[in-house]
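Spelled out from the first residue to the last, the chains are:
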Amino acid sequence: MMKRHIIAAAFALFAHNALAADAADQQMIKQGEYLARAGDCVACHTAKGGKPFAGGLGLESPLGTIYSTNITPDRDTGIGNYSLEDFDRAVRHGVARDGHSLYPAMPFTSYANVSPADVRALYAYFMHGVEPVRQENKDTDISWPMSMRWPLNVWRWMFAPDVVDAPAVPADSGDAVLRGKYLVEGLGHCSTCHTPRGVALQEKALSDKDGTAFLSGGKIEGWLAKNLRGDMHDGLGTWTEADIVAFLKGGRNEHSAAFGGMAQVVEDSTQHLTDADLAAIAKYLKTLSPADPKATQALTYDDSTYKALSSGQATVRGAMDYINNCATCHRTDGRGWTETFPRLAQSTTVNTEDPTSLIHIVLQGAEMPWTKAAPTHYAMPGFAARMTDAEVADVVTFIRSSWGNKAPAVTASQVADIRKEVHAADAPKR
């Protein structure tokens with residue numbers, strides 16, 4: 001009898017420990033799923049119409065097209081045979097399991113800041129929380145000799161930062177700025193798009209300590225990823241922490257709306273983050289000084305354009321095209337409709353030195369992301385087939401010089417270049 005009791009007690013203890021271990025494993029998988037959301041892994045590793053994380057998405061680069069890889073746990077075509085060490089080398093060091101260097105389209109220069117504990121959680125999720133998909137990886141469309149991998153070893157030696165061995169900054173650490181810094185510089189890999197690149201395609205700064213180039217804006221895939229520093233005209237100087245949180249959670253605020261690649265970031269990633277993490281990101285971004293130390297004065301509204309348009313006295317080039325194509329949504333006062341049709345007056349998108357994004361939107365239109373916080377889809381049509389390069393240049397210049405906006409004029413040749421770059425429809429014949 002005693003022996004049976006001992007066996008029963010031992011079995012109960014084993015079962016309890018097994019359940020506890022299973023619960024811990026499930027918690028780690030859940031944490032890894034959250035971290036994968038923060039890293040927006042699905043955006044690059046999912047082809048249009050494809051299965052999540054199965055790769056095959058073409059990523060344009062100055063060298064040619066790089067196709068994302070299958071990171072599902074399929075053993076033949078994915079990462080099913082990766083050990084934790086293999087996974088860590090790829091994510092944080094930029095080295096694949098077979099030893100070849102990854103292209104920096106994989107943001108390992110940012111992921112180098114991710115803690116080992118968070119890497120373990122990500123590994124648990126991709127191995128046990130993602131459906132295996134059998135899908136062969138595609139070779140790059142980069143021509144020889146640029147397709148040779150060995151120069152990437154030199155690139156990593158020159159530009160990749162040291163990999164951290166520090167613990168993650170937990171959300172409940174009490175230091176929201178430090179938590180925000182960890183997310184922005186690590187899994188969020190914000191600098192990948194929002195930092196300008198040098199001649200070797202390296203980010204000019206990987207953190208704020210490297211200088212004010214960090215998060216000062218960068219051009220990518222026909223868009224200008226905005227300045228996230230404290231500049232008043234084209235940065236976040238006039239945005240409050242609440243404005244930043246609203247933008248990341250809903251894809252829009254009273255200043256602007258997400259478009260281009262950022263719309264997908266909001267839809268796939270930032271809207272799923274906790275309020276505490278969004279607030280931490282906002283607090284950290286608001287600590288960044290302006291890239292331009294002279295950008296200390298906010299733009300002020302000027303109603304002279306509104307009065308001229310309202311009275312029919314606007315004779316400036318581009319004014320009539322604005323009335324015919326833009327005013328219904330963005331209004332003659334340039335203030336739009338809050339969180340519906342973005343304002344143009346004092347807009348940080350409008351007042352950038354580089355007009356790429358504004359021209360791109362006029363040519364091809366844009367669509368706001370769908371989010372739980374703001375579920376209504378609003379979209380702007382493109383005008384590439386309706387307006388010539390000169391007409392687009394005139395209306396964009398009009399917008400950039402009205403209602404108190406102060407941005408350089410746009411030329412027809414700039415529009416022509418962007419029309420070609422983004423594969424917009426041909427201009428109409430006049």
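So, how was this worked out
Residues numbered from 1 in each chain as written. Predicted model: local features only at pLDDT ≥ 70, side-chain atom pairs only at ≥ 80, totals over all residues. Heavy atoms only, no water. Salt bridge = Lys/Arg side-chain N within 4 Å of Asp/Glu carboxyl O. Helix = DSSP H or I, 4+ residues; strand = E, 2+ residues; numbered from the N terminus. Buried < 20%, exposed > 50% of the residue type's maximum accessible area, 1.4 Å probe, protein only. UniProt positions renumbered as here; feature names shortened; annotations may be inferred. 1 Å grid on protein atoms, 1.4 Å probe; cavity = no way out; pocket = protein on both sides within 12 Å on 5 of 7 lines; lining within 4 Å. Points joined across faces, edges and corners; volume = space filled by probe spheres on them. Nonpolar A, V, L, I, M, F, W, Y, C, P; charged D, E, K, R; others polar. Domains from an automatic or database assignment. Core = buried A, V, L, I, M, F, W, Y, C linked by side-chain atoms within 4.5 Å. Contact = heavy atoms within 4.5 Å. Lys, Arg positive; Asp, Glu negative; His and termini not counted. Polar contact = N/O pair within 3.5 Å; in protein donor to acceptor, adjacent residues only side chain to side chain. Phe/Tyr/Trp six-rings, centres within 6.5 Å; stacked < 30°, edge-to-face > 60°. Lys NZ or Arg CZ within 6 Å of the ring centre and 35° of its normal.

### A word on the pattern of salt bridges
A complete count under the given rule lists 14 salt bridges for this structure. The shortest N-O distance in the salt bridge between Glu 241 and Lys 283 comes to 3.3 Å. Taken together, the residues span a long stretch of sequence, with Glu 241 in helix H9 (residues 241–250) and Lys 283 in helix H11 (residues 275–285) at a distance of 42 residues. When its relative accessible area of 32% is taken as the criterion, Lys 283 is described as partly exposed. Asp 333 is paired through a salt bridge with Arg 331; the nearest N and O atoms lie 3.1 Å apart. A residue is classified by how much of its surface remains accessible, and Arg 331, at 27% relative accessible area, is partly exposed.

### Brief notes about unusual backbone geometry
One non-glycine residue, Phe 53, lies in positive phi territory at about 70 degrees. Topologically, Phe 53 is positioned in the loop between helix H2 (41–44) and strand S1 (58–61). According to the relative accessible area criterion, Phe 53 is buried, its value standing at 8%. Although it is not a glycine, Glu 339 adopts a positive phi angle of roughly 60 degrees. As for its placement among the helices and strands, Glu 339 is situated in the loop between helix H14 (327–330) and helix H15 (356–364). Glu 339 gets classed as partly exposed once you look at its relative accessible area, which sits at 40%.

### Examining the UniProt feature "domain: Cytochrome c" (unreviewed entry) in the protein
When the UniProt feature table is mapped to this numbering, "domain: Cytochrome c" (unreviewed entry) covers residues 27–130, 175–289 and 313–403. Overall, residues 27–130 shows 42% helix and 8% strand. The separation of its end C-alpha atoms is 15 Å. Secondary structure across residues 175–289 comprises 38% helix and 5% strand; the distance between its end C-alpha atoms is 19 Å.

### Structural notes on empty space enclosed by the protein
Rolled over the atoms, a probe as big as a water molecule pinpoints where empty space is left. What the rule picks out here adds up to 1 cavity of 30 Å³ or more. Reported here for the largest cavity is a volume of approximately 40 Å³. In terms of lining residues, the largest cavity is bounded by Leu 224, Lys 226, Phe 259, Thr 348, Thr 349, Thr 352 and Ser 357. Each residue belonging to the lining of the largest cavity can be placed in one class, and the counts come to 2 nonpolar, 4 polar and 1 charged.

### Let's talk about the domain arrangement of the protein
Taken as a whole, the protein is organised into domain 1 (1–168) and domain 2 (303–422). A separation of 41 Å is found between the C-alpha centroids of domain 1 and domain 2.

### Examining the nonpolar core
Phe 87, Phe 126 and Leu 285 are the most contacted members of the largest nonpolar core, which has 52 residues in total. Put simply, the parts of the chain that give this core at least two residues each are helix H1 (2–39), helix H3 (84–93), helix H4 (108–111), helix H5 (116–128), helix H7 (176–185), H9, helix H10 (260–268) and H11. By residue number, the principal contributor to this core is H5, which donates 8 residues. Among all residues touching Phe 126, those that are not within four sequence positions of it are Ala 36, Cys 41, Phe 53, Ile 71, Pro 73, Ile 79 and Phe 87. Membership of the second largest hydrophobic core comes to 27 residues, among which are Cys 326, Phe 383, Trp 403 and Val 415.

### Quick notes on the side chain of Asp 74
The residue Asp 74 is located in the loop between strand S2 (64–67) and H3 in this model. Although Asp 74 lies buried, it forms no salt bridge, and the closest oppositely charged side chain, Arg 134, sits 4.5 Å away as judged by the N-O distance. Separated by 3.2 Å, the side chain of Asp 74 and the backbone nitrogen of Asp 76 make a polar contact. Contact partners of Asp 74, with chain neighbours within four places excluded, come to Ile 79, Gly 80, Pro 132, Val 133 and Arg 134.

### Structural notes on the packing of aromatic side chains
Counting across every chain of the model gives 13 aromatic pairs. One aromatic cluster in this structure is built from Phe 53, Phe 87, Tyr 123, Tyr 125 and Phe 126. The residue whose ring lies beneath Lys 226 is Trp 239, and the NZ or CZ to ring-centre distance is 5.5 Å. The side chain of Arg 331 reaches across the aromatic face of Trp 337, ending 4.4 Å from its centre.

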